[in-house]
There are 4 protein chains.
Amino acid sequence: MSMNSFGHLFRVTTWGESHGPALGATVDGCPPGVPITPDMLQHWLDKRRPGQNKNTTQRQEPDAVKILSGVFEGQSTGTPIQLMIENTDQRSKDYGDISETFRPGHADITYWQKYGIRDYRGGGRSSARETAARVAAGGIAREAIKAIAPNLEITGYMTAMGEMEIDRSRFDWEAIDQNDFWIPDAGAVQEWENYLQALRKSHNSVGGIVEVVARNVPAGIGAPVYGKLDTDLAAAMMSINAVKGVEIGEGMAAARLTGTDNADEIFMGEHGPEYGSNHAGGILGGISTGQDVVVRFAVKPTSSILSPRKSIRKDGTPIEVVTKGRHDPCVGIRAVPVGEAMMACVILDHLLLHRGQVGENRGKIG
Amino acid sequence: MSMNSFGHLFRVTTWGESHGPALGATVDGCPPGVPITPDMLQHWLDKRRPGQNKNTTQRQEPDAVKILSGVFEGQSTGTPIQLMIENTDQRSKDYGDISETFRPGHADITYWQKYGIRDYRGGGRSSARETAARVAAGGIAREAIKAIAPNLEITGYMTAMGEMEIDRSRFDWEAIDQNDFWIPDAGAVQEWENYLQALRKSHNSVGGIVEVVARNVPAGIGAPVYGKLDTDLAAAMMSINAVKGVEIGEGMAAARLTGTDNADEIFMGEHGPEYGSNHAGGILGGISTGQDVVVRFAVKPTSSILSPRKSIRKDGTPIEVVTKGRHDPCVGIRAVPVGEAMMACVILDHLLLHRGQVGENRGKIG
Amino acid sequence: MSMNSFGHLFRVTTWGESHGPALGATVDGCPPGVPITPDMLQHWLDKRRPGQNKNTTQRQEPDAVKILSGVFEGQSTGTPIQLMIENTDQRSKDYGDISETFRPGHADITYWQKYGIRDYRGGGRSSARETAARVAAGGIAREAIKAIAPNLEITGYMTAMGEMEIDRSRFDWEAIDQNDFWIPDAGAVQEWENYLQALRKSHNSVGGIVEVVARNVPAGIGAPVYGKLDTDLAAAMMSINAVKGVEIGEGMAAARLTGTDNADEIFMGEHGPEYGSNHAGGILGGISTGQDVVVRFAVKPTSSILSPRKSIRKDGTPIEVVTKGRHDPCVGIRAVPVGEAMMACVILDHLLLHRGQVGENRGKIG
Amino acid sequence: MSMNSFGHLFRVTTWGESHGPALGATVDGCPPGVPITPDMLQHWLDKRRPGQNKNTTQRQEPDAVKILSGVFEGQSTGTPIQLMIENTDQRSKDYGDISETFRPGHADITYWQKYGIRDYRGGGRSSARETAARVAAGGIAREAIKAIAPNLEITGYMTAMGEMEIDRSRFDWEAIDQNDFWIPDAGAVQEWENYLQALRKSHNSVGGIVEVVARNVPAGIGAPVYGKLDTDLAAAMMSINAVKGVEIGEGMAAARLTGTDNADEIFMGEHGPEYGSNHAGGILGGISTGQDVVVRFAVKPTSSILSPRKSIRKDGTPIEVVTKGRHDPCVGIRAVPVGEAMMACVILDHLLLHRGQVGENRGKIG
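Rules used in this analysis
Residues numbered from 1 in each chain as written. Chains lettered and ligands numbered in written order. Predicted model: local features only at pLDDT ≥ 70, side-chain atom pairs only at ≥ 80, totals over all residues. Heavy atoms only, no water. Helix = DSSP H or I, 4+ residues; strand = E, 2+ residues; numbered from the N terminus. Rg over C-alpha atoms; globule rule 2.2 N^0.38 Å. Buried < 20%, exposed > 50% of the residue type's maximum accessible area, 1.4 Å probe, protein only. Contact = heavy atoms within 4.5 Å. Areas by Shrake-Rupley, 256 points an atom, 1.4 Å probe, with all protein chains shown as cover. Buried area = accessible area lost by both parts, 1.4 Å probe. Salt bridge = Lys/Arg side-chain N within 4 Å of Asp/Glu carboxyl O. Polar contact = N/O pair within 3.5 Å; in protein donor to acceptor, adjacent residues only side chain to side chain. Nonpolar A, V, L, I, M, F, W, Y, C, P; charged D, E, K, R; others polar. Pairing = 2+ DSSP bridges. UniProt positions renumbered as here; feature names shortened; annotations may be inferred. 1 Å grid on protein atoms, 1.4 Å probe; cavity = no way out; pocket = protein on both sides within 12 Å on 5 of 7 lines; lining within 4 Å. Points joined across faces, edges and corners; volume = space filled by probe spheres on them.

### Some points on the overall build of chain A
Reasoning step 1: Helix and strand counts for chain A stand at seven helices and 18 strands.
Reasoning step 2: In terms of overall dimensions, chain A is globule-like: its C-alpha atoms have a radius of gyration of 21 Å, near the 21 Å expected for 366 residues.
Reasoning step 3: Here the C-alpha coordinates of chain A stretch approximately 70 × 50 × 35 Å along the principal axes.
Reasoning step 4: Each of the 366 residues in chain A was classed as buried or not, and the buried ones make up 72%.
Reasoning step 5: Sequence separation of at least 24 residues holds for 70% of the intrachain contacts in chain A that already meet a minimum separation of 6.
Reasoning step 6: Summed over its atoms, the accessible surface of chain A is roughly 11,000 Å², and 48% of this surface lies on carbon and sulfur atoms.

Set out below in structure tokens:
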């Protein structure tokens, strides 16, 4: 049992602090024979990397990943893969003045209350930099999935940011990779950008919603009752910094529906069962139906803002906190590749688990 | 690793099917010396028990719990506590005709696709009856919590059901235990009842939202990064049958907020830090702040309805499914004690973990 | 994490005390479609059952196992299998006088020192009765193994008991099931019986060594570095009551060998690699070679003896303890089916793990 | 679940291969506030380090450990501690000719049979170099133990090596650190050295027995039934490369004893219970008695020897293998600090677990 580990057979343990020498992930349970190169992982890290455009933090980190073990001649060997990302742009002095202060909305106070010691530089272990390690591990998961379910695709995008919300009638998969917000609507990008820049200029930040979809997931992965695919997805997403809500399929809105509306009717298609709708988000009883697996999560506004907020020092005296540093006005944006990585890790884990539990899909239909 | 287990140091494994001889929970990690009697657990089981009023299923199950191990002379011994609830009202014939059929919205089809065999009677393992075992285990957690955090209180209630929604300005803790819906507003009960009975008469069902609050939780429990208190709560709630979304504090609505709105400002109170608001739901960086821990989850409408829905048989031929049996028009109602039980289990687990991780709260403020 | 659970994908949690209402095992991870009936399990329980001959305790327990869940129409469903054995011959009064006393060699004193409460009746949780649950679970593992490795055979036998030791030149597999000591030499049985009866009459007991062999284990199961097949076997055997030593292959004697003696030379046989010897006990680097997997463990003499031993009461005052009750003069005998059960559980677990880790044997030779 | 992790609350995951860029350990669950510097860990690594004298391999590795995370201003923070040891003396060419060959007694063949790919350089993941990571992690465990049980001492030594065996009547704790074999008898060192050098010159190797003793372990740590202190110790030691047997207290010899001989009689001492003997090795029912915890394990002879042994190539053709490289004539010697490290990890883990399970020692005596 490790508080810093995630997954069952494919198990990822992240380590490292924002301003220590390095951070990374110990990845255990990757099947052997998966082609893995640093470049493959770098591709996903670059997607998450800060400093790329004016909508994210200006901190410049190359986030170059090194593979220290578990890969031999370009292939996984089945032994633990150690991924290391060295921290290079550690402007610790930005944080020196907060060593005795608790920033509202940050884990400063709770880490202190729990441990009585904290690496206060850049949030230490609670920094969003930890998610770089997840993205690298997710890159491994994506490669390993290919050998088991070659058509499986995992795609994340934003669906809302403060007052902005996507128009699903204009949904365009192709647009997602073409804009800084990962939204599926090229026509909305300018409005989102104007909105965010206005917030930034007013020394504010804003929350967002990320949706991650896995297509072509085989039916029958997942498990009752606590090892459900949706249970693991909920945990995976809620474990990301700043996430406050997780939805599967219809999500919270399921509470408003009636049973007749919510039923995903079943038909026999050419290649197996098909469904008239996907309120379930591709999961019934914790097990995949073969439909798209749809997960959505809300990211709270960045707590580090230039607007002064009331707080206290360690000695209990009051203070007004203004967080200088370099911060994302909407951390939700950079949570997109993180959500994708978590989806990839959970799905690989359940693909492997299914083989261990059952060996192969058992029940035939039609 | 067990797919049917939950928790770290306080570990609950549920077992059993809806229409087998019995179901129950193997509870490991309860500290020694906790007073436990069947009556204490029965109190919570009775709260969840079906057949009590016209708003829930008419299935009559005494749900009498037996303690088979781990309790000696009225006290826990530190060894596994086996809880058994015998199934007595198993009208299996209600289900015989569905052995070859997949009910929309149910796990019938996914269990079949995964395992190639399923106990189809009443949903088998995927039945909501499994939650009786959780409620019994939660009763043990509640007793064990008393020895560690005597003032800690866990209370669940509904906040929405289809078109119904509570008016938070009329919130009344006392009302919760006085009505069939566990809503905190006695004045709204009649309207909720009329609404639900109309749905039932039209052979329909509806979803609902349950909120569970833990008050007087000590600051400093929880852990980074995957063993967060909110991660474990999200998993716990999502693992309950029919749950499609989980929120902590502000939840999905956090996406709409700005950083200045969302910041819970900190002040020094007489007994420690106090907060100007609780958008965070009592958790920062996965660790409790000492504020109320607030979790909310959405339960989809009961899938078993008398209105015909299109589906297929195992052989792929089409069929219209009408689920007779005896079903709750809103399973969300009976999810209230289940959500409370899961909250109790998670909080006890983290109280115990904290002692193992740190020994005692370390960081002093003021 | 449960202190009372064992295994990774095939996970067994035992529960229950010697003199409570029942004891049993929660078995999670059995693959679906395995034929399981109470009779199949009873076969192995009867092998372990006390009261069968004068060489074991005269306590009469039918040890009838009930299957409460996870089996439908004679087949496993993939959900948890709950096995319950009711305690019927609970002569608790035999134990009443020891509630304030610590018996030498028993866990009385350590349970008290750890928990401050103990079910003193018959050793409570530390009673060898707990092993009945293991044997039942092992019966399930044996059935599940058949579907994956049909020729795999697991056989246990004694190799030593006090001054008695088998003559390996007279080893006879057929003899094992034909005598009360499970020794592979029919000609030695009378001598073993005379020896044990003399010890019993002198109010004494004696230790023993059990060897368990698994034949036709596929090459390639197990894992580096802490999840080794031999690591799990060592843990499994050491977790059995009264076991003080575990050996794989050459065991402790490996310390006396030179490298040239110890090397198991490799040859190419008709169906794959063959070995000139099996000092390794069928495991290299934690992974099976395809040779016989050979495990040996020592069981200490029964601590409950009629000869008086010096001890103290809970209040610290001295006492002479004579354990009346009904006890085995050599618990090693009844440890044979327990060792077999543990071997079956570990091997099934690693067969399942291998599928989850790799999918199929990968490396071809020749 | 990770196959490369060990421990419950104090959880160590090792990673890395013999000839990759680095190896190390991810250490999770170290309590906060423990003073940790690289020097503290280096002390133990130097004890294990090769190339120090003619009795161990001449491979020169500085084995310098770097701390990449989890330590802030010289103290543990409660977050994962990443320990990295870079490989510097990788003479891979020594191994090139074995890429297609299986060395007898090595994991070459089983890794290949399991994974179909292996890093053959120096044994890859199955190399004894992996134990350097354990020793580093054990150094952290030792420091963390000090804060909980300040008088606890862990000491390992050899008791046998081939035909050599210590004379317990000459046991001298002070001598252990003064000789290359870690034997508790200065007078025997020359004989051991002559014996080993003769073996080396004859191109042979030999096995050994290591005993590790923990003194001043508090009574009451450990747990029934699978999480026993001795179960975890057996697993810990058996997981070390080349270990073939593990004993607690009397060990395998318990099989020869009678109940009257084996009983450790109990007396009331000034500070609590005392025992007339320690056949149990300090553990009853899986829980510590407060006596010395005594573990012994056998290490097989080094399989890499200059004497030719018969084997096969990957293609099945026969070959005679002579392992050149630089190897220890008795790996048992360098297993001493490894055994100590494993003991430290297990004991810290159970000290932490005890707090989580019980909170404090509960049962008072006298």
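### Concerning the interface of chain A and chain B
Reasoning step 1: Counting from both sides, the interface comprises 114 residues of chain A and, opposite them, 114 residues of chain B.
Reasoning step 2: Surface buried jointly by chain A and chain B totals about 9,000 Å² across both partners, of which 62% is contributed by carbon and sulfur atoms.
Reasoning step 3: For the interface between chain A and chain B, the tally reads four salt bridges.
Reasoning step 4: Two residues, Arg-256 of chain B and Glu-165 of chain A, come together in a salt bridge whose shortest N-O distance is 3.3 Å.
Reasoning step 5: Linking chain A with chain B are 55 residue pairs in polar contact (both at pLDDT 80 or more).
Reasoning step 6: Looking at the side of chain A that touches chain B element by element, the count peaks at seven residues for helix α2 (residues 108-115) of chain A.
Reasoning step 7: Per-class residue counts for the side of chain A that touches chain B are 53 nonpolar, 39 polar and 22 charged.
Reasoning step 8: Note that strand β11 (residues 243-248) of chain A and strand β11 (residues 243-248) of chain B share three bridges and pair antiparallel.

### Digging into the side chain of Thr-110 of chain B
Reasoning step 1: Along the chain, Thr-110 of chain B turns up in helix α2 (residues 108-115).
Reasoning step 2: From its side chain, Thr-110 of chain B meets the backbone oxygen of Ala-107 of chain B in a polar contact 3.2 Å long.
Reasoning step 3: Beyond its immediate chain neighbours, meaning those up to four positions away, Thr-110 of chain B contacts Leu-284, Ile-287, Ser-288 and Thr-289 of chain A.

### Section: the UniProt feature "binding site: NADP(+)" (unreviewed entry) in chain A
All names here are of chain A.
Reasoning step 1: As annotated in UniProt, the feature "binding site: NADP(+)" (unreviewed entry) corresponds to Arg-48 and Lys-54 in the numbering used here.
Reasoning step 2: Structurally, the position occupied by Arg-48 is in helix α1 (residues 38-48).
Reasoning step 3: Contacts of Arg-48, omitting those with residues within four sequence positions, involve Asp-63, Ala-128, Arg-129, Thr-131, Ala-132, Val-135, Arg-334, Pro-337 and Val-338.

### Looking at the layout of surface pockets
Residues and elements named next belong to chain A.
Reasoning step 1: In this structure, the largest pocket spans a volume of roughly 600 Å³.
Reasoning step 2: Lining of the largest pocket is provided by 26 residues; of these, Arg-168, Glu-247, Gly-249, Glu-250 and Arg-296 occupy positions nearest its centre.
Reasoning step 3: Secondary structure elements with two or more residues in the lining of the largest pocket: β8 (153-161), β10 (208-215) and β16 (293-299).
Reasoning step 4: A breakdown of the residues in the lining of the largest pocket according to their chemical character gives nine nonpolar, five polar and 12 charged.

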